[in-house]
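Descriptive analysis of the structure
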Amino acid sequence: MVPGETVLMGPPGSGKGTQARLLADAHGWVQLATGDLFRDHQRRGTALGRLAGERMAKGAYVPDEITVGMVRERLAEIPPGTRVVFDGFPRTVPQAKALDGLLAECGRHLHRVVLFEVAGDPLLDRLAGRVTCASCQAVYAARVRPPRVAGVCDRCGGALASSARPDDSPEVVLKRLDVYEEQTRPVIAHYEATGLLRRIDGVGPVDEVTERVREALS
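To start, this report covers the structure provided alongside it. All figures in this text were calculated on a predicted structure; none of them were measured in a lab.

Compared with an ideal rise of 1.5 Å per residue, which puts twelve residues at 16 Å, helix α8 (residues 206-217) spans 17 Å between its outermost C-alpha atoms and is within 8% of the ideal. All of the buried residues along α8 are Val209, Val213, Ala216 and Leu217. Projection of α8 onto a plane perpendicular to its axis shows the buried side chains occupying an angular sector of 95°, all on one side. Packed against the buried residues of α8 are β1 (5-9), α1 (16-27), β4 (110-117) and β7 (197-201).

This is the structure:
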């Protein structure tokens with residue numbers, strides 16, 4: 001794979017988080033997921049966490065300036081030689097433009113943007129019954145990617161939450177999909193214009209999608 005950072009894009013439930021985690025585990029990369037950053041602040045009870053929780057519970061995006069600031073802070077913690085796979089960022093065109101500056105600040109560059117194309121009912125199926133590991137934030141979905149042992153994380157052995165995330169309720173999921181179409185679709189056009197975007201079919205067994213990601217990154 002060519003050196004450089006990777007962005008995985010796609011609507012809620014498209015599988016980008018799973019594939020980002022697999023890339024990180026297989027290659028020693030860092031998965032930078034803004035959703036995880038927000039939830040970490042929520043667990044710590046910070047003002048940012050409260051704001052993020054309110055926005056996410058409604059299916060809305062956290063303001064760009066806050067999101068970019070959190071990503072800058074996290075990037076500064078990652079060793080220069082360690083590659084990063086961005087999961088859930090950027091979600092708006094201003095965030096995409098800000099990412100160029102953030103990467104330049106730490107001597108990095110963007111190599112590839114991979115778009116997971118999944119439409120309609122599969123997204124709702126993937127989000128139904130979704131649970132998260134309390135330790136490493138790995139996500140499982142009851143219908144399409146259950147853990148090997150019920151209630152136990154495959155990755156670290158941690159306990160899985162007994163209920164889905166608040167932002168995975170049917171009403172909020174539909175709102176999140178609307179927000180994605182309105183605010184994130186333009187990011188796709190932005191990256192297509194740069195020549196960095198590759199589209200892949202996000203439907204199918206996890207290992208098959210992993211192979212498509214690998215080919216897109218080559």
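Moving on: the nonpolar core. The tendency in soluble globular proteins is for nonpolar side chains to be buried side by side. Ranked by size, the top nonpolar core spans 32 residues in total, and within it Met9, Leu32, Leu75, Phe86 and Tyr191 carry the most contacts. Per-element tally for this core: the top contributor is helix α7 (residues 170-194), with five residues. Beyond its immediate sequence surroundings of up to four residues, methionine 9 is in contact with Lys16, Val113, Val114, Leu115, Phe116, Thr184, Val187, Ile188 and Tyr191. Core analysis: the next-biggest nonpolar cluster, separate from the first, contains twelve residues, Ala20, Leu23, Val209 and Leu217 among them.

This paragraph deals with the sheet that holds β1. Taken in spatial order, the five strands make up an open sheet running β2-β3-β1-β4-β7, and their pairing is parallel. Each of the sheet's edge strands pairs with one partner strand only, and the pair in question is β2 (30-33) and β7. Across the sheet, the mean angle separating the axes of adjacent strands is 25° when strand polarity is ignored. Alignment of β2 against strand β3 (residues 84-87), held across four bridges, turns out to be parallel. Bridge pairing in β3 links glutamine 31 to valine 85.

Moving on, we get to unusual backbone geometry. The omega angle of the peptide bond from phenylalanine 89 to proline 90 is 0°, so this bond is cis rather than trans. Considering the arrangement of structural elements, one finds proline 90 in the loop between β3 and α5 (93-105).

Turning our attention to the pairing of β1. For β1, the buried fraction is high: five of the five residues fall into the buried class. Residues of β1 alternate between two faces, with Glu5, Val7 and Met9 on one and Thr6 and Leu8 on the opposite face, all of them buried. Sheet analysis places β1 next to β4, joined by five bridges and oriented parallel. By the bridge assignment, methionine 9 is partnered in β4 with leucine 115. Bridge count for β1 against β3 is three bridges, and the pairing is parallel.

Turning our eyes to something else, we now look at the side chain of arginine 108. With respect to the secondary-structure elements, arginine 108 resides in the loop between α5 and β4. If we skip the residues at most four places from it in the chain, arginine 108 touches Glu5, Leu75, Ile78, Pro79, Pro80, Thr82, Arg83, Val84 and Leu103.

This part takes up the packing of aromatic side chains. Two aromatic rings, taken as a pair, are described by how far apart their centres are and by the angle between their planes. Counted under the stated rule, the structure contains one aromatic pair. Their ring planes at 45° and their centres at 6.1 Å tell us that phenylalanine 86 and phenylalanine 89 sit as a pair that is tilted. Phenylalanine 89 matches phenylalanine 86 in its accessibility class, with the two residues each being buried.

Definitions and cut-offs
Residues numbered from 1 in each chain as written. Predicted model: local features only at pLDDT ≥ 70, side-chain atom pairs only at ≥ 80, totals over all residues. Heavy atoms only, no water. Helix = DSSP H or I, 4+ residues; strand = E, 2+ residues; numbered from the N terminus. Expected span 1.5 Å × (residues − 1). Buried < 20%, exposed > 50% of the residue type's maximum accessible area, 1.4 Å probe, protein only. Arc of directions from axis to C-beta. Contact = heavy atoms within 4.5 Å. Core = buried A, V, L, I, M, F, W, Y, C linked by side-chain atoms within 4.5 Å. Pairing = 2+ DSSP bridges. Axes fitted to C-alpha atoms, helices over the stretch in contact; angles between N-to-C directions. Phe/Tyr/Trp six-rings, centres within 6.5 Å; stacked < 30°, edge-to-face > 60°.

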